[in-house]
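Overview (structure and organization)
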Amino acid sequence: MALRLGDTAPDFEADTTEGRIRFHDWIGDSWVVFYSHPADFTPVCTTELGETARLKAEFDKRNAKAIVLSVDSVEDHRAWSGDIEETQGSAVNFPIIADPDRKVSELYDMIHPGAGDTSTVRSVFVIDPNKKVRMTMTYPKSAGRNFAEILRVIDSIQLTDGHKVATPVNWQAGEDVIILPTLSDDEAREHFPDGWKELKPYLRVTRQPG
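Residues numbered from 1 in each chain as written. Predicted model: local features only at pLDDT ≥ 70, side-chain atom pairs only at ≥ 80, totals over all residues. Heavy atoms only, no water.

Identification of the protein chain as Peroxiredoxin from Spectribacter acetivorans is taken from an unreviewed UniProt entry.

Now the structure itself:
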C-alpha cells in the first residue's frame with residue numbers, strides 16, 4: 001500500500017553510515033526529509049547528496065534533518081561519500097541507510113518496477129515530529145530533485161500548522177498568504193487585526209503571520 005498524507009511513517013530498524021537506528025527513535029522531535037536514490041557511484045545522486053550536505057544549516061533552521069536510502073551496502077555508502085565530498089565540496093553529514101534486502105524500500109513503496117529495474121526511484125517523504133507523513137514526491141531516476149522546493153514545502157507546512165492560513169502558488173517564505181475560507185470575516189478579524197485584501201469572499205490575502 002502506498003503511503004498517504006497523514007499516515008504514520010512506518011518504523012523500521014536499519015544499518016546506516018552512522019550506525020544502526022530505529023527510525024522513530026532517530027526522528028525524535030525533529031522534522032525529517034527521508035529520500036531514496038537509485039544507486040551509489042552514480043552522477044545525479046552524487047549531486048543530490050552533495051546538495052543535501054550543503055543545506056544542513058537550512059535544515060537546522062527548520063528543526064529538520066535528512067536521511068537517505070539506497071539498496072547499496074554501508075561499505076559502498078562510505079566509499080562513495082569521499083567522491084561526494086571531492087566533487088561537490090561538502091562532506092556527507094547525515095546518515096545513509098543500507099537496504100540491500102529492500103525491506104525498507106518496499107515498506108515505503110520506493111521501488112517501481114515499471115521504472116526499469118529493482119533499484120529505488122527518487123522518492124521523498126517529509127515527516128513531522130509526530131511521525132506523520134506530511135508531503136510525498138516522486139521523481140524519475142533521470143531528474144535530480146529540487147531541494148529549494150522541498151524546503152519551501154516545509155516552510156509552508158510549518159507556517160500553516162501554526163496559523164489559519166494557506167500558501168498560494170509559488171509562495172516563498174515572507175510573502176503574502178491566504179486566509180482559510182473556513183474562517184468567517186469576524187473570526188478572521190480576531191486572527192488578522194491588520195486586515196486583508198479581499199479578491200473574492202473565498203480569496204482573502206494577508207501578510208504572512210509572524
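**Details of the environment of Glu75**
Definition in use: Going along the chain from the N terminus, every DSSP run of H or I of four or more residues is numbered as a helix, and every run of E of two or more is numbered as a strand. Summary of the burial criterion: residues with accessible area below 20% of their type's maximum are buried, those above 50% are exposed, and those between are partly exposed, where the area comes from a 1.4 Å probe applied to protein chains only.
Tracing the sequence through the fold places Glu75 in helix H4 (residues 74-88). Among the residues examined, Glu75 registers a relative accessible area of 56% and is labelled exposed.

**With respect to the sheet that holds strand E8 (residues 165-166)**
Note the following rule: A pair of strands is treated as paired once DSSP finds two or more bridges between them.
In spatial order, the strands read E8-E9-E11-E10; together these four strands make up an open sheet with antiparallel pairing. At either end of the open sheet lies a strand with only one pairing partner, and these are E8 and strand E10 (197-200). Here E10 runs beside strand E11 (residues 203-206); their pairing, made up of three bridges, is antiparallel. Residue Lys200 lies in a different strand from E11, and its bridge partner there is Leu203.

**Quick look at the packing of aromatic side chains**
By convention here, two paired aromatic rings are described through the distance between centres and the angle between planes. Test applied: Any pair of Phe, Tyr and Trp rings, taking the six-membered ring for Trp, is counted once the centres come within 6.5 Å. Such a pair is stacked with planes under 30 degrees apart, edge-to-face with planes over 60 apart, and tilted for the rest. Lysine NZ or arginine CZ positioned within 6 Å of the ring centre and within 35 degrees of the ring normal marks a charge as sitting over the ring.
Taken as a whole and assessed by the stated rule, the structure comprises 11 aromatic pairs. A centroid spacing of 4.7 Å and a plane angle of 15 degrees characterise the contact between Phe12 and Phe23, whose relative ring orientation is stacked. Highlighted residues: Phe12 in the segment before strand E1 (13-16) and Phe23 in helix H1 (residues 23-27), separated in sequence by 11 residues. Accessibility expressed as a relative area gives 6% for Phe12, which makes it buried. Taking 6.4 Å as the distance between ring centres and 85 degrees as the angle between the ring planes, the aromatic pair formed by Phe23 and Tyr108 counts as edge-to-face. Taken as a pair, Phe23 in helix H1 and Tyr108 in the loop between helix H5 (103-107) and strand E6 (122-127) lie far apart in primary sequence, 85 residues in all. What makes Tyr108 buried here is its relative accessible area of 1%. Among the aromatic residues, those joined into a ring-pair cluster are Phe12, Phe23, Trp26, Phe34, Tyr108 and Phe125. Over the ring of Trp26 we find Lys65; its NZ or CZ atom is 4.2 Å from the centre of that ring. Of note, Arg204 hangs over the ring of Trp196, and the distance from its end group to the ring centre comes to 5.8 Å.

**Comments concerning the pairing of strand E4 (residues 64-70)**
Across the seven residues of E4, six count as buried, placing the element largely inside the fold. Across six bridges, the pairing between strand E3 (residues 31-36) and E4 is parallel. What sits directly across from Tyr35, in E4, is Val68. Bridge count for E4 against strand E5 (residues 96-98) is three bridges, and the pairing is parallel.

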